[in-house]
Structure formats: C-alpha cells, structure tokens
Amino acid sequence: MMKIKGKRFVASIEPIGLLNGSAIAPVTMKQQAYELIKDAILYRRLQIGITYSQDALCSELNISRTPVREALLELQQEGYIAFMRGKGIQVIPVTRKRAQDIVEARYYLELSGARLAAQRRTAAQIEALEQLLLEHRAVRASYQLDRKFHREIFLASGNTWMQEEIEKLRDHFLRIETQSAFDSPEQAERVILEHRGILTAICAGNEKRAEEAMRYHLDCTAKRTLIHITDGLAD
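Overview of the structure. Given the structure is predicted, the values throughout are model-derived calculations rather than measurements.

What follows covers the overall build of the protein. When its secondary structure is counted, the protein shows nine helices and four strands. The helix and strand sequence of the protein, counted from the amino end, reads β-β-α-α-α-β-β-α-α-α-α-α-α. Within the protein, contacts between residues separated by at least 24 positions form 75% of all contacts whose residues are at least 6 apart in sequence. When the accessible surface of the protein is totalled, it reaches about 14100 Å², and 54% of it is carbon and sulfur.

Inspection of every chain in the model, using the stated rule, returns one aromatic pair. Residues Tyr107 and Tyr108 carry aromatic rings whose centres are separated by 5.4 Å and whose planes lie at 75° to one another, so their mutual orientation is edge-to-face. The ring centre of Tyr34 lies 5.9 Å from the NZ or CZ of Lys30, which sits over that ring. In this arrangement the basic side chain of Arg106 is found over the ring face of Phe173, its NZ or CZ atom lying 4.6 Å from the centre.

This paragraph deals with the pattern of salt bridges. With the rule as written, the count across this model stands at 16 salt bridges. With its nearest N and O atoms 3.3 Å apart, the salt bridge here joins Glu207 to Arg115. With a gap of 92 residues between them, Glu207 in helix α9 (residues 207-225) and Arg115 in helix α4 (residues 96-120) connect regions that are remote in the sequence. On the basis of relative accessibility, which here comes to 27%, the residue Glu207 falls in the partly exposed class. Under the relative-accessibility criterion, Arg115 is labelled partly exposed at 31%. Linked by salt bridges that have partners in common, Lys38, Arg147, Arg151, Glu167 and Asp171 make up one network.

Moving on, we come to the pairing of strand β3 (residues 81-84). As paired strands, β3 and strand β4 (residues 88-91) are joined by four bridges and run antiparallel to one another. Residue Ile81 lies in a different strand from β4, and its bridge partner there is Val91. With antiparallel pairing between neighbouring strands as the criterion, β3 and β4 make up a hairpin whose turn holds three residues, including Gly86 at a positive phi of roughly 70°.

An α-helical segment advances 3.6 residues per turn. Residues three or four places apart therefore align on the same side. The end-to-end C-alpha distance of helix α8 (residues 185-204), which contains 20 residues, comes to 29 Å, matching closely the 28 Å that a straight helix rising 1.5 Å per residue would cover. When α8 is considered as a whole, its buried residues turn out to be Ala188, Val191, Ile192, Glu194, His195, Ile198, Leu199, Ala201 and Ile202. Looking one or two residues past α8, Gly205 carries a phi angle of roughly 75°, positive in sign.

A word on the packing of helix α6 (residues 143-157) against helix α7 (residues 160-174). Put simply, α6 and α7 touch, their axes get as near as 10 Å, and they point 160° apart. Of the possible angle classes, the one that applies to α6 and α7 is roughly antiparallel. Handedness of the crossing formed by α6 with α7: right-handed. In this structure, α6 contributes Tyr143, Asp146, Arg147, His150, Arg151, Phe154 and Leu155 to the contact, and α7 contributes Met162, Gln163, Ile166, Glu167, Arg170, Asp171 and Leu174. Along the lines of polarity and charge, the residues of the contact of α6 with α7 split into six nonpolar, two polar and six charged.

In this section: the nonpolar core. In globular proteins that are soluble, nonpolar side chains generally tend to be buried together. Counting residues in each nonpolar core, the largest one holds 21 residues, and the members touching the most others are Ile37, Ile41, Leu46, Val68, Leu72, Leu75 and Ile81. Taken together, the elements giving at least two residues each to this core come down to α1 (29-42), α2 (54-61), α3 (65-77) and β4. Setting aside residues no more than four positions away along its own chain, Leu72 makes contact with Ile37, Gln54, Leu57, Ile81, Phe83 and Ile89. One finds Ala156, Leu199, Ile202 and Ala210 within the second-largest nonpolar core, a separate group that totals 20 residues.

This brings us to α9. Compared with the 27 Å implied by 1.5 Å per residue over 19 residues, the 26 Å span of α9 between its first and last C-alpha is a close match. Buried within α9 we find Ala210, Glu211, Ala213, Met214, His217, Leu218, Cys220, Thr221, Arg224 and Thr225. Looking at the packing, one finds that the buried side of α9 touches α4, α6, α7 and α8.

A word on the environment of Ile198. Looking at where Ile198 falls in the secondary structure, it is placed in helix α8. In sequence terms Ile198 and His217 are 19 residues apart; their C-alpha atoms lie 8.2 Å from each other. Among residues more than four places away in sequence, those in contact with Ile198 are Ile153, Ala213, Met214 and His217.

About the thresholds
Residues numbered from 1 in each chain as written. Predicted model: local features only at pLDDT ≥ 70, side-chain atom pairs only at ≥ 80, totals over all residues. Heavy atoms only, no water. Helix = DSSP H or I, 4+ residues; strand = E, 2+ residues; numbered from the N terminus. Contact = heavy atoms within 4.5 Å. Areas by Shrake-Rupley, 256 points an atom, 1.4 Å probe, with all protein chains shown as cover. Phe/Tyr/Trp six-rings, centres within 6.5 Å; stacked < 30°, edge-to-face > 60°. Lys NZ or Arg CZ within 6 Å of the ring centre and 35° of its normal. Salt bridge = Lys/Arg side-chain N within 4 Å of Asp/Glu carboxyl O. Buried < 20%, exposed > 50% of the residue type's maximum accessible area, 1.4 Å probe, protein only. Pairing = 2+ DSSP bridges. Expected span 1.5 Å × (residues − 1). Axes fitted to C-alpha atoms, helices over the stretch in contact; angles between N-to-C directions. Parallel < 35°, antiparallel > 145°, perpendicular 65-115°, else oblique. Left-handed = near helix turned anticlockwise from the far one by under 90°. Nonpolar A, V, L, I, M, F, W, Y, C, P; charged D, E, K, R; others polar. Core = buried A, V, L, I, M, F, W, Y, C linked by side-chain atoms within 4.5 Å.

Fair warning: the whole summary comes from geometry, so function is off the table for now.
Written as structure tokens, this is what we have:
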C-alpha cells in the first residue's frame, strides 16, 4: 500500500477479479445477436403476432443458443419481446398509451436538447451539423440521416444522460412511425428546410429560436410519420 498526499492508494499487485474468468472481446456474439435481432424488430422484419423459435434465430445467425438467449433476455427486459413458454418468442406490440408516452417524452427531450445545444455548441459541432445538411442535400433526406442530425444536436447539448435517453426513445419511436415518410422528394426537402431552421438558431446561440424551430420540426414530423398512431396499435 502506498500513500499519496495523505491518501491511501492500493497498487495493482494482486488480481482484483475484474474479468471473473472472462476475456475482453471487441464485440461479443451476444452483442451482435442483440443488435441484429433488435434491428429486425425496429424495421419490422420480425413481425407482431408470429412466434419465432430460438432455434430458427440461432440457425439464421449461425451462432449457438447461449448468446442468442442472452440477447433475447436483454430485449425482453427492454420491452421488445416476450418468451412464449415452450414455443419461442414474440415481438410485443406497442400499445396506444405507450405510443403516446414515447411521442410525449421525445418531444420534451428534443426541445431541451435544442435549447442546450444553442447554449453550448462548439465550432466543430456546428461544422458537423453543416456537413450532415450537405449530405442531406446530396443523397436526399432519410431516416438514418435525420437521426444522425438529431444525435449531433444532443452531442452539442453536452448532456450525456439526455444523449442516452434520446437514443432509447428514438429506437422505440421507430416502431410506431411511418418508415416510408422520406420516400417523397417533397417531404425530404421539407425535412432539410426544417433542419436548416434548427441549425441556424443553434449557430446563432439563440435558445428560444432553437426550441421554437425544433417544436415546429417535431409537429411536422408527427403529421408526416405518426398518421397511424391511433390505428393498428394495441389497446
């Protein structure tokens, strides 16, 4: 044991047991299975009302049952799937109440993110947002680019908790929105203009305008992508 400025410091001489017999891998099979299955849920390749056997999932992913089981347990904890005793798993439908909660939570979190971004943005973050808008113009707006733009705003907000929560909300939001909203060139152009309004306000450091521009964008997003929010959802 050593002392540094009156405080005790434990030198790493004996193993602490952090790995607990495991090895560190860049991306584990369980994590890969989790991301692939979750992606299939979000983009509706795994459909509500159908029972999928774990063996079928293992076969398609070409990995053993253990990492798939671990991935499914995490997805169950997050509210995406349910285990059907002795049969497999089913995707849990989004209820109308849950859909409304997701929309409401995202709405207020995004407004706060825009306001904080206007306060705290750096020159590098403004440049990153500008580059994304240029990419929007070049390849037309898409869901992926829209999400990247909003992610950059939350990075500019400097609040890591908000960044984590908005990512979770955006995943759940994807399950209830109309995913073809960006198919129309006219709608894609509107999204770009709305994003430009948000960025202009953030760049100017105008918190009120940034919040107002984000509110307008979210209201338009609701009209574009949540047409079916009261239809086709479970009670």
